[in-house]
Amino acid sequence: MSTSASWRTHRCGDLRAEHIGEKVQLCGWAANRRDHGGVFFVDLRDRAGLVQLIADEDAPAEAGPALDALHAEDVIQITGTVRPRIAGQKNEDRDTGEVEVLVETVQVLSHAQRLPFEVLDELDAPEQLRMKHRYLDLRRAPMKRLMELRSRANHSIRTTLQGRDFIEVETPMMTRSTPEGARDYLVPSRVKPGSWYALPQSPQVFKQLCMVGGLDRYFQIARCMRDEDLRADRQPEFTQLDLEMSFVTEEDVYALVEAVVVALYRDVLGRELSAPFERMPYAEAIQKYASDKPDLRIPIEIVDLAGPGGQLGFMVFDGVLEKGGWVRGFRVPGGASLSRKQIDQIEQAAKDAGAGGAAWCKVTEDGATGPLSRFLEGDAGAAFLAALEAQPGDLVVTIADLPRRALVALDAVRRKAAELAEMVGEADRLVWITEFPLFEESDEGEWHPAHHPFTSPVLEDVEALAAGQKDGVRSRAYDLVLNGVELGSGSIRIHDRDLQQTLFSAIGIPPEEAEVRFTHLMEAFRYGAPPHGGFAIGLDRLYALMFGAASIRDVIAFPKTASGSCPLTEAPAPVDSEQLAELGLALDLPDTDGNASTDAP
RNA sequence: GGGGGUGUGGCGCAAUUGGUUAGCGUACCAGACUGUCGAUCUGGUGGUUGCGGGUUCGAGUCCCGUCACCCUCGCCA
């Protein structure tokens, strides 16, 4: 082992021409070995980078064989002297490429067996294997870069918020299950058998309690857990920047979040975003882009084609309109040059989104061609094309369906058409979506809060709310959207008990039940609650976008698969019966032919 | 929960219409080589084609089921 006071004098990746002549002691992983019979090379890698070790006739006799005996990813400690590379043998592609280390002694600190996959910067191992052996994956430079960027990004956020007098508060990871929202991950209590903690879906209640507690400005880089089915951009546990402020309006929250995001891009990427960000009311986003997270890089706007009388004069479409459906579409400027195959892809996008399909036509100097054109005879057809402002050379795409499906399909088709017509702009587009509806109507016709039940309505809509109206009542909730991706959302909360009661009764929760379901927060609000509001940004998703990562899993050190399992630890896993007994638990699993086991091996 | 895709030595891929002993690259092992940097050259080890059934004289290939992963709709206040 090391005989000197410390393990190393330098980091491999830090060595430069200025170190020439110095005696150095280095530690790291043997990344690559090249044996020329009389001269041996090894690339030694540490966190800082790679440096070339060499043993030739100038080195002690045992140095060459010692290098030659190394295996890929052995951890070694070497002593040697930094020297310039001979003429013509410098490596321009490497920061340390002007120098090499003439080796004197080699000490193997830890031997590496044959690897499950090769530690190469160029990705070639299956993702599941990378996750199972994440410690090997993290040795690759691209992964190291992502971990470093994430660390710097977190630091930037903390610096900005500390500088604005925010207090970073850690809220409980073991808390109480709340009735609303996603499915909870549960933790059984040993001391109180039959009772359970829940892992937080977000620190929502606690951050509001911080405001009642007078902390005034709270933030946290918080872990959240939701037991729901996963997606490419969703993990069962994820990280959000959670913040809350007292005595603020939407404007204060917007300005603060903009400051955080602008500083983040500047500190981490050296890029300047222009602030304030754009703003768009929810209703406008739905109307023009059929989405509450519109990608504004796409310069295509959707047009409502239903005439003033609610009729178009074409049987196909009027039937849809009579059933309360939508007929909406858009022109793709110059889209007539798209191939039939590409247009098929657009139609397929509509079908994948759940709509029956998309009706389309190409516009020429002599009128329309394509499947939709045969319905576009006469004045009604001309009016139809005029409403779309269609020009010769355009492609016209329309969707006719019930509103919910039409919405999803229009969004999908607009994105697909823009992608194929190469109409997605280069510049990032950040936009606040404002004035979200307070309620959403479910398929069963029930109204429930679109955000959460503590979201304040817009002041002008309170009367309508009190009068029992739900449809069209606006909330003081807002989302931040980047290039069609929702980065986060927030709202101004209700701090007034009367208004809170009005809201609860509006969604059919009687006062007594509200007390039971939201005891802690409702009680706190009895003792003086300041007006407050806040925001939460999903950091995994934002970082993946910022860093150009292929997946959010790449910006998470130890991610989980789409089924919520961890290939590295093989969690979730059964526990032994003693543990269950201690918790007062008995399993009642469906028979799945030995698949269900209560005992660990 | 629904739909789609993928699964072949450690890893990346191939294998004709269902047809011989499942090939190639890389990694690994051994040897050669004095300037490489994903070194090169020579030789070698390594496979129950995810798993289970079925069709067939014969299955990596076709069928059914199942598992894992990826994508997607539902879901995620």
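Cut-off values and rules
- Residues numbered from 1 in each chain as written.
- Chains lettered and ligands numbered in written order.
- Predicted model: local features only at pLDDT ≥ 70, side-chain atom pairs only at ≥ 80, totals over all residues.
- Heavy atoms only, no water.
- Domains from an automatic or database assignment.
- Near = heavy atom within 4 Å.
- Polar contact = N/O pair within 3.5 Å; in protein donor to acceptor, adjacent residues only side chain to side chain.
- Helix = DSSP H or I, 4+ residues; strand = E, 2+ residues; numbered from the N terminus.
- Contact = heavy atoms within 4.5 Å.
- 1 Å grid on protein atoms, 1.4 Å probe; cavity = no way out; pocket = protein on both sides within 12 Å on 5 of 7 lines; lining within 4 Å.
- Points joined across faces, edges and corners; volume = space filled by probe spheres on them.
- Nonpolar A, V, L, I, M, F, W, Y, C, P; charged D, E, K, R; others polar.
- Axes fitted to C-alpha atoms, helices over the stretch in contact; angles between N-to-C directions.
- Parallel < 35°, antiparallel > 145°, perpendicular 65-115°, else oblique.
- Left-handed = near helix turned anticlockwise from the far one by under 90°.

A separate point is the domain arrangement of chain A. Entries for chain A in the domain assignment read domain 1 (17–110), domain 2 (142–276 + 536–555), domain 3 (298–424) and domain 4 (437–474 + 496–526). Here the C-alpha centre of domain 2 lies 44 Å away from the C-alpha centre of domain 1.

This paragraph deals with the protein's contact with RNA strand B. Near RNA strand B you find 50 residues, and of these Asn32, Asp35, Gln89, Pro116 and His451 are the closest. Expressed as a percentage, the sugar and phosphate content of the atoms of RNA strand B within 4 Å of the protein is 52%. Contacts to RNA strand B include arginine 94, whose side-chain N or O atom sits 3.1 Å from a sugar or linking oxygen. One of the side-chain N or O atoms of arginine 231 is found 2.6 Å from a base nitrogen in RNA strand B. Elements supplying a minimum of two residues to the surface near RNA strand B: strand 1 (23–35), strand 2 (40–46), strand 3 (49–55) and helix 2 (127–132). Broken down by element, the surface near RNA strand B gets its largest block of residues, three residues, from strand 1.

This part is about the environment of alanine 353. The residue alanine 353 is located in the loop between helix 9 (340–352) and strand 14 (359–364) in this model. If we ignore the near neighbours within four places in the chain, the residues touching alanine 353 are Val408, Ala409 and Ala412.

Before going further, it helps to spend a moment on empty space enclosed by the protein. For the structure shown, the criterion picks out one cavity of 30 Å³ or more. Here the largest cavity defines a volume of roughly 30 Å³. Lining the largest cavity are Phe117, Glu118, Leu120, Glu122, Leu123, Asp124, Ala125, Arg130, Asp137 and Arg140. Split into classes, the residues belonging to the lining of the largest cavity amount to four nonpolar, no polar and six charged.

Before going further, it helps to spend a moment on the packing of helix 9 against helix 11 (residues 403–420). With their axes 8 Å apart at the nearest point, helix 9 and helix 11 run at an angle of 155 degrees to one another. What the angle tells us is that helix 9 and helix 11 run roughly antiparallel. Like other packed secondary-structure pairs, helix 9 and helix 11 cross with a definite hand, here right-handed. Contacts between helix 9 and helix 11 involve Gln342, Gln345, Ile346, Ala349 and Ala350 from the former and Ala409, Ala412, Val413, Lys416, Ala417 and Leu420 from the latter. Classifying every residue of the contact of helix 9 with helix 11 by side-chain character gives eight nonpolar, two polar and one charged.

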